[in-house]
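Chain and residue survey
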Amino acid sequence: MKQKIHFSAEAYLGLFLLGILVLLAIFTPGFFATNNVMSMLNRFSYILIAAIGMNLIILTSNIDVSAGNLISVVCLTIAALGKLNAGLPILLPVAMVMGALLSLINALFITKFRIPAIVATLATAQLFSGVLPLIVEGSLYDLPRSFTWLAFEAKFLGVIPGSVLIMIVITIIALLFMKYSRFSKKIYAIGNNAEAARLTGINVNKVVLVAYAIAGALFGVSATIIATASQRVTTTMGTGLEMTFIAAVVLGGTSVAGGSGKVLGTVFGAAVLSVIAPAVNYLGISSDWSDAIMGAIIIFAVIVSALRLEGRKQAAPAATGGASL
Amino acid sequence: MKKGLGAVLVLFVVCSAIVFAGGGSDSSSGTLKIAMMPKFKGENYFDAVKIGAQEAVDELNKSEKVVDFLYDGPSQDQATNQKQVDILEGWIAQKVNVILVSPNDPTAIAPTLKKAQSRGIKVLTFDADAQADARDLFINQAVSSGIALGLVKSAADNLKLKGYGPSAPVNVALVSSAKTDANQQEWLAEIKKLLATSDYNWLKIKNEDSDVYYPGPDETATQAQSGTLIGRLGPGADQIQVAIGLTSMAAPALGSQYEAASVKPDVTKTVITGLATPNALKSYIKSSSNPLDAGVLWSCMDLGYLAIQSGYQLAKGTITGSSASLTAGRIGQRDISNKTIILGPALIFDKNNVDQYNY
């Protein structure tokens, strides 16, 4: 009984992912060809990097539904720089700073004006998508070779896309940061009980602001990977992606109420979501199924997580936080 | 509150005075106001149409100013009927003489177009048609069967160069838009008809569920699904030999995902083609290491040119909806049948002529 509870959500999800991959290896011969693996890893990289940011926000028991539109804004900004032949050394930092600043707007609404995160970010989502058509008529195209360098030419050992290297670096930093930093302890404390955290001397507003800023910078990194994939950047590059990020986080076992959840879970969550669509295609099934399958997996994960939470509450009624650290 | 209301009223009066003043001065000068509206602004395709339209306007205005040219439309992410109607209402109020429109929704836009007609405005559609009784003429770029033939022929010609043919059949995959998109569905149906004929029956869509992609109108989803398709390209019987992009988003996405692929499928054994503007495909067509060697489209600039010429002549009375033909400047003569003018056959461009087109 005790051992069963000890078996973490991340472990379940990891096993599930492994199961899918084994089945695919058996039933779809071409699936693990280098090309498809690398193309999936590329998609995985921009979903995961942004999902790590989203995880940070959700851990503080907030949310960000403007992330997709924020990414669109950043994509167009760096595309404008790309038109001037700017390369990745300029594009990436600009995207990160811009993402952080836009995300701080969200955080200011939430902390200063006490607007619930879902309302604040819904409003900024509209704002971001509304501002774009004022600046650009639809899209920027004919972008130069220097702009698409990350997607077209940056290949580590000649095979691994540059985006995957960026993802690995960010994931390792995130894993260490969330495990060892004092800041992450504050985030978990706020997510569990903001009032209690405040009473212990944590500056709740400041922590939330920093969490949003870091997340915004990560959205900026994802935006760079998404934008540089081709020679055209439209005003809708990020539309709807926020739901994929939130799904990856929730699937990864992070509680939407905040305070509990690990980066490793988000890694597995993002991986499952990146595999489903190509898998459905390689299995020869209509792509109409992939959304339905993803939805079913998420609902299943949420139910399992709710049942686990229920079990934990019964086992230890005073379980506030500690266990999730 | 009352003050605010007063201010609004004053503003309203001032604005309407300006509008009326503007309208008055223009109608007295005797120039024709021609207003053109694309489905959306800011994309290579409609930008090129606009260039052609402007060229026709400049020609007409050569000796004296006879045409006032207005151009407006929704932005790309707001390409809805309502946005188009809002702009049209403004034009009707301004009393323009000719409206040229590429409707997002053929039936929903009809009442507004009929209203314009009832005020004596000549209404023409181009690129996409409206309900037939709501416009005086339709400038059709190419018929569906012509577009399908262009795509299949472009694919087949390149495949033959790479050693395929009736004795070495190939698997075809296509990237479309959404299943609700009328244009793409019609072209796909025409393509399937062609693949059933003896000329092209060596091109096969093996499994329609997995080999026709519907990423919708979203750029990022189109990139992702094109990436998956590129991974399936190769010479094997269980692989795909030719990928066709049915939208101006999908065709360049296939080109860029090939460039981004870690292990590039054999360029001598695979073919990519599709419907897009020459500029969007130029860099891939020119690269000998990319199997995207040709693209298909009609001349967008000629479409804009022909649209303006038709609108001008219709308003001047040089032609009517029941005329048999018109002579449109540098393009020459085109037949009018069933209130429709067809620009011509689809255009296949490759590395030899892609530089001639700047759109």
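Rules used in this analysis
Residues numbered from 1 in each chain as written. Chains lettered and ligands numbered in written order. Predicted model: local features only at pLDDT ≥ 70, side-chain atom pairs only at ≥ 80, totals over all residues. Heavy atoms only, no water. Helix = DSSP H or I, 4+ residues; strand = E, 2+ residues; numbered from the N terminus. Rg over C-alpha atoms; globule rule 2.2 N^0.38 Å. Buried < 20%, exposed > 50% of the residue type's maximum accessible area, 1.4 Å probe, protein only. Areas by Shrake-Rupley, 256 points an atom, 1.4 Å probe, with all protein chains shown as cover. Lys, Arg positive; Asp, Glu negative; His and termini not counted. Charge placed at Lys NZ, Arg CZ, Asp CG, Glu CD. pLDDT = per-residue confidence, 0-100. Contact = heavy atoms within 4.5 Å. 1 Å grid on protein atoms, 1.4 Å probe; cavity = no way out; pocket = protein on both sides within 12 Å on 5 of 7 lines; lining within 4 Å. Points joined across faces, edges and corners; volume = space filled by probe spheres on them. Buried area = accessible area lost by both parts, 1.4 Å probe. Salt bridge = Lys/Arg side-chain N within 4 Å of Asp/Glu carboxyl O. Nonpolar A, V, L, I, M, F, W, Y, C, P; charged D, E, K, R; others polar. Pairing = 2+ DSSP bridges. Right-handed = clockwise from strand over helix to strand, strands pointing away.

Structural notes on the overall build of chain A
Tallying secondary structure elements over chain A gives 14 helices and 4 strands in all. Relative to the compact-globule value of 20 Å for 325 residues, chain A shows a C-alpha radius of gyration of 20 Å, a close match. Expressed as lengths along the three principal axes of its C-alpha atoms, the size of chain A is roughly 60 × 55 × 35 Å. When each of the 325 residues of chain A is scored for burial, the buried share is 54%. Here chain A has roughly 14,400 Å² of accessible surface; of this, 72% comes from carbon and sulfur atoms. Computed over 19 positive and 10 negative side-chain charges, the inter-centroid distance for chain A is 15 Å.

Let's talk about the confidence of the model for chain B
A low pLDDT means the predicted coordinates there should not be read in detail. All names here are of chain B. Looking at chain B, pLDDT values average 88 and 92% of them are 70 or higher. Per-residue pLDDT stays below 50 along residues 19-28; that stretch engages in 3 contacts with residues further than four places along the chain or on separate chains. Scoring the predicted complex yields pTM 0.82 and, for the interface, ipTM 0.86.

Description of empty space enclosed by the protein
Considering all chains together, one arrives at 2 cavities of 30 Å³ or more under this definition. Space inside the largest cavity adds up to approximately 210 Å³. Taken together, 19 residues line the largest cavity, and the ones lying closest to its centre are Ser39(A), Asn42(A), Gln257(B), Ala260(B) and Ala261(B). Of all elements in the fold, only helix H3 (34-59) and helix H7 (149-152) of chain A together with helix H8 (219-232) and helix H9 (250-260) of chain B reach the threshold of two or more residues within the lining of the largest cavity. Among the elements that take part in the lining of the largest cavity, H3(A) stands out by supplying 4 residues, more than any other.

Digging into the interface of chain A and chain B
Taken together, the contact pairs 39 residues of chain A with 37 residues of chain B. Buried area between chain A and chain B, both sides added, is near 3,100 Å², and the carbon and sulfur share of it is 43%. Scanning the region where chain A abuts chain B turns up 3 salt bridges. One salt bridge connects Asp288(A) with Lys179(B), and the closest N-O pair in it is separated by 2.8 Å. Counted by class, the side of chain A that touches chain B contains 14 nonpolar, 18 polar and 7 charged residues.

Observations concerning the pairing of strand S10 (residues 271-274) of chain B
Residue and element names in this part refer to chain B. Residues Val271 and Thr273 line one face of S10 and the alternating positions Ile272 and Gly274 line the opposite face, and both faces are buried. Pairing between strand S9 (residues 242-245) and S10: 4 bridges, direction parallel. Bridging from a neighbouring strand, Val242 pairs with Val271 of S10. Regarding the hand of the β-α-β motif, the stretch spanning S9, H9 and S10 is right-handed.

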